[in-house]
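The primary structure of each chain is shown beneath.
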Amino acid sequence: MTWKTHMVLGAIAGYCAYPSWKGSVIGATMALVPDIDQANSKLGNLMGPLSKMLQKGFGHRTVTHSWVILFLPFLLFGDSLAAMAALWGILSHLVSDMLVGRIQLLWPLRVGWLGIPVSKSMYRTVDRIVFYVAIVYIVIKGYQ
Ligand SMILES: [Zn+2]
């Protein structure tokens, strides 16, 4: 998924775990973290050398898209609602990436590649559909 779709899904996921604007912001932000392993991603551009090191050392959708990344929320926020929002934000990233490709969820095991590989055009189509459905969901929920 594109960074915009990850952020929108992360905002929804974060809000579900921690129903407040803080939960949405934390979820949306943390939903970008797994793609730190891609130097040309939104977060990868900000993190520069770390991102390039992860990309060269491990490859895309490996360690930062695995069970390992699920510990990060608790390292950053301890045992709190903020940690749950962050966890759900990251999980939204992993699940949505599996809709349009495969991730190495069980890294470092090579058998751990899970997801649905799709063509580039299908990737764009699914990304757009998910993005707009998520926006409509937020708007409808916002008026309730
Ligand atoms: Zn990703």
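First things first, this report covers the structure right here in the doc. Everything numeric here is computed off the predicted structure, so don't read it as measured data.

About the criteria used
- Residues numbered from 1 in each chain as written.
- Predicted model: local features only at pLDDT ≥ 70, side-chain atom pairs only at ≥ 80, totals over all residues.
- Helix = DSSP H or I, 4+ residues; strand = E, 2+ residues; numbered from the N terminus.
- Rg over C-alpha atoms; globule rule 2.2 N^0.38 Å.
- Contact = placed C-beta atoms within 7 Å.
- Buried ≥ 20, exposed ≤ 12 C-beta atoms within 10 Å, placed from the backbone.

**What about the overall build of the protein chain?**
Then, in step 1: Along its length, the protein chain carries seven helices and two strands.
Then, in step 2: Sequence-ordered secondary structure for the protein chain, helices as α and strands as β, is α-α-α-α-α-α-β-β-α.
Then, in step 3: Against the compact-globule benchmark of 15 Å for 144 residues, the protein chain has a radius of gyration of 15 Å, which places it among compact chains.
Then, in step 4: Taken along its principal axes, the extent of the C-alpha atoms in the protein chain is 45 × 40 × 30 Å.
Then, in step 5: In the protein chain, of all internal contacts separated by at least 6 residues, the share reaching a separation of at least 24 is 56%.

**Concerning unusual backbone geometry**
Then, in step 1: Of note, the bond from Trp107 into Pro108 is cis; its omega dihedral lies within 30 degrees of zero at 5°.
Then, in step 2: With respect to the element layout, Pro108 can be found in the loop between β1 (102-104) and β2 (113-115).
Then, in step 3: Its identity as a non-glycine residue notwithstanding, Arg61 has a phi of 60°, on the positive side.
Then, in step 4: Tracing the backbone shows Arg61 in the loop between α4 (49-58) and α5 (72-77).
Then, in step 5: On the basis of neighbour counts, which here come to 23 C-beta atoms within 10 Å, the residue Arg61 falls in the buried class.

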